[in-house]
Each structure stands twice: as structure tokens, then as C-alpha cells.
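# Reading the structure
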Amino acid sequence: MKDSDFYQKRREELSARYLVEPSATLPPVQTGGVDHLALICSNLEATIEFYTTIIGMRLTRIVRNRDEPTSTHIFLDMGGGNQLAFFDFPEHGPSRTVRGVGSMHHVALRTQPERFGALVARLKDRGVEHSLHGSTKAGSVYVRDPDGILVEVTTGY
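This write-up is about the structure you can find in this document. Nothing here was measured: the structure is a model prediction, and the numbers come from that model.

### Considerations on the layout of surface pockets
- Counted as a void, the second largest pocket has a volume near 520 Å³.
- Around the second largest pocket, the lining comprises 20 residues; the ones closest to its centre are Gly-56, Met-78, Gly-79, Arg-110 and Thr-111.
- At the level of secondary structure, the elements contributing two or more residues to the lining of the second largest pocket comprise β5 (107-110) and α3 (113-125).
- Ranked by residue count, the leading element in the lining of the second largest pocket is α3, at four residues.
- Here the residues of the lining of the second largest pocket sort into nine nonpolar, six polar and five charged.

Have a look at this one:
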């Protein structure tokens, strides 16, 4: 195994090669932000319940998956004009994704500091296992959804 100096040097090389100075004049970014993230869930009702009552999102749409007629596609408003979407694939079984290259590590959502404490309180009141970094006024809380997807809610502290 390589030592930490090797990895630090690698980070510095990547920074020197790819990071752009904030004062640099650049062409505009070619994308307009996130429209939606699409994930897979095993149970639509449990997913809707978690994201609406625990996290505080709103369900905005339920449609048939265009590519798979037995699959349903739901959309949740995660704020800022962005959607978090889920598919179910009831005919494909409960096999889970293995963490690795190409998989997602976690979804990070931003909240206002005045709402953060209420979220942490809901997690505690409902006995939902979570990990708090910072305080109930500012920080990040990590929680797993019904399918084990890691969700971070942060004040961006």
C-alpha cells in the first residue's frame, strides 16, 4: 500500500493540472445544472415515505418507465428546481448494487440552518440511525434510506 505522501502529491498534481483560478476568464459551463438524479429502489411506498416525511421533500410525479412497462418512475422535489427520481423494477428481483467504480457513493442535499435542527430531531424522534457531524445548528447528517442509499443533508458549513 502506498503511503499518504504519495496520495497528497497526486492531489497536488491534479490540482495544478486541472483546477482553474477563480479569476480566470472562462467560457460558460455547457450544462445548466441537475434536472434529476435517477436511482433504483425496491419499494416505492417506503421510498416515498422516507423522502417525504423524514427528509421533507414533495412527491411531484408518478409515471410509467418508458423503457420498462412494469417499472414506475417517481419524482421528488429536492429544491432549487432539482428532482430526485426513483425507478422500481418489480420483475427483476431484489439484487443490490455493489459499491465500486461507476456506482454512486451518496446523495448530498443542502438545507437551511434553521431547518437542520428539525431534521435531526425527526431522525431522533423516529429512531432513525444517523451520524451527525457538527451541531444541530450547522453541519451534516448522514442517514440511509430504506434501500441503504447514503443520504447526506448539510448546511454547507
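### Structural notes on the nonpolar core
- One finds Tyr-51, Ile-55, Phe-86 and Val-151 to be the most contacted residues of the largest nonpolar core, which totals 23 residues.
- At the level of secondary structure, the elements contributing two or more residues to this core comprise β1 (36-41), α2 (44-54), β3 (72-77), β4 (83-88), β5, α3, β7 (139-144) and β8 (150-154).
- Setting aside residues no more than four positions away along its own chain, Ile-55 makes contact with Phe-50, Leu-109, Leu-119, Arg-122, Val-143, Val-151 and Val-153.

### Focus: the sheet that holds β7
- Spatially, the four strands line up as an open sheet ordered β5-β8-β7-β6, and their pairing is mixed. With partners counted over all chains shown, the strands left at the sheet margins are β5 and β6 (130-134), one partner each. Strand-to-strand twist of the sheet, defined as the mean angle between neighbouring strand axes without regard to direction, takes the value 20 degrees.
- Bridge analysis of β7 against β8 gives five bridges, and the strand direction is antiparallel. Bridging across to β8, Val-143 finds its partner in Val-151.
- α3 rests against β6, β7 and β8 of the sheet, and its axis sits at about 35 degrees to β7.

### Some remarks on the packing of aromatic side chains
- For the structure on display, the rule yields four aromatic pairs.
- Ring geometry for Tyr-51 versus Phe-86: centroids 5.1 Å apart, planes at 40 degrees, classification tilted. Taken together, the residues span a long stretch of sequence, with Tyr-51 in helix α2 and Phe-86 in strand β4 at a distance of 35 residues.
- The ring centre of Phe-75 lies 4.0 Å from the NZ or CZ of Arg-61, which sits over that ring.

### Here we look at the sheet that holds β4
- Spatially, β1-β4-β3-β2 is the arrangement adopted by the four strands of the open sheet, whose pairing is mixed. Since the sheet does not close on itself, it has two edges, and those belong to β1 and β2 (58-64), each with one partner. Between one strand and the next, the sheet's axes are offset by a mean angle of 25 degrees, whatever the strand orientation.
- Sheet analysis places β3 next to β4, joined by five bridges and oriented antiparallel. Residue pairing in the sheet places Ile-74 in a bridge with Phe-86 of β4.
- Along the sheet face, α2 touches β1, β2, β3 and β4 and points at about 5 degrees away from the line of β3.

Procedures and definitions
- Residues numbered from 1 in each chain as written.
- Predicted model: local features only at pLDDT ≥ 70, side-chain atom pairs only at ≥ 80, totals over all residues.
- Heavy atoms only, no water.
- 1 Å grid on protein atoms, 1.4 Å probe; cavity = no way out; pocket = protein on both sides within 12 Å on 5 of 7 lines; lining within 4 Å.
- Points joined across faces, edges and corners; volume = space filled by probe spheres on them.
- Helix = DSSP H or I, 4+ residues; strand = E, 2+ residues; numbered from the N terminus.
- Nonpolar A, V, L, I, M, F, W, Y, C, P; charged D, E, K, R; others polar.
- Core = buried A, V, L, I, M, F, W, Y, C linked by side-chain atoms within 4.5 Å.
- Buried < 20%, exposed > 50% of the residue type's maximum accessible area, 1.4 Å probe, protein only.
- Contact = heavy atoms within 4.5 Å.
- Pairing = 2+ DSSP bridges.
- Axes fitted to C-alpha atoms, helices over the stretch in contact; angles between N-to-C directions.
- Phe/Tyr/Trp six-rings, centres within 6.5 Å; stacked < 30°, edge-to-face > 60°.
- Lys NZ or Arg CZ within 6 Å of the ring centre and 35° of its normal.

By themselves these figures say nothing about function.
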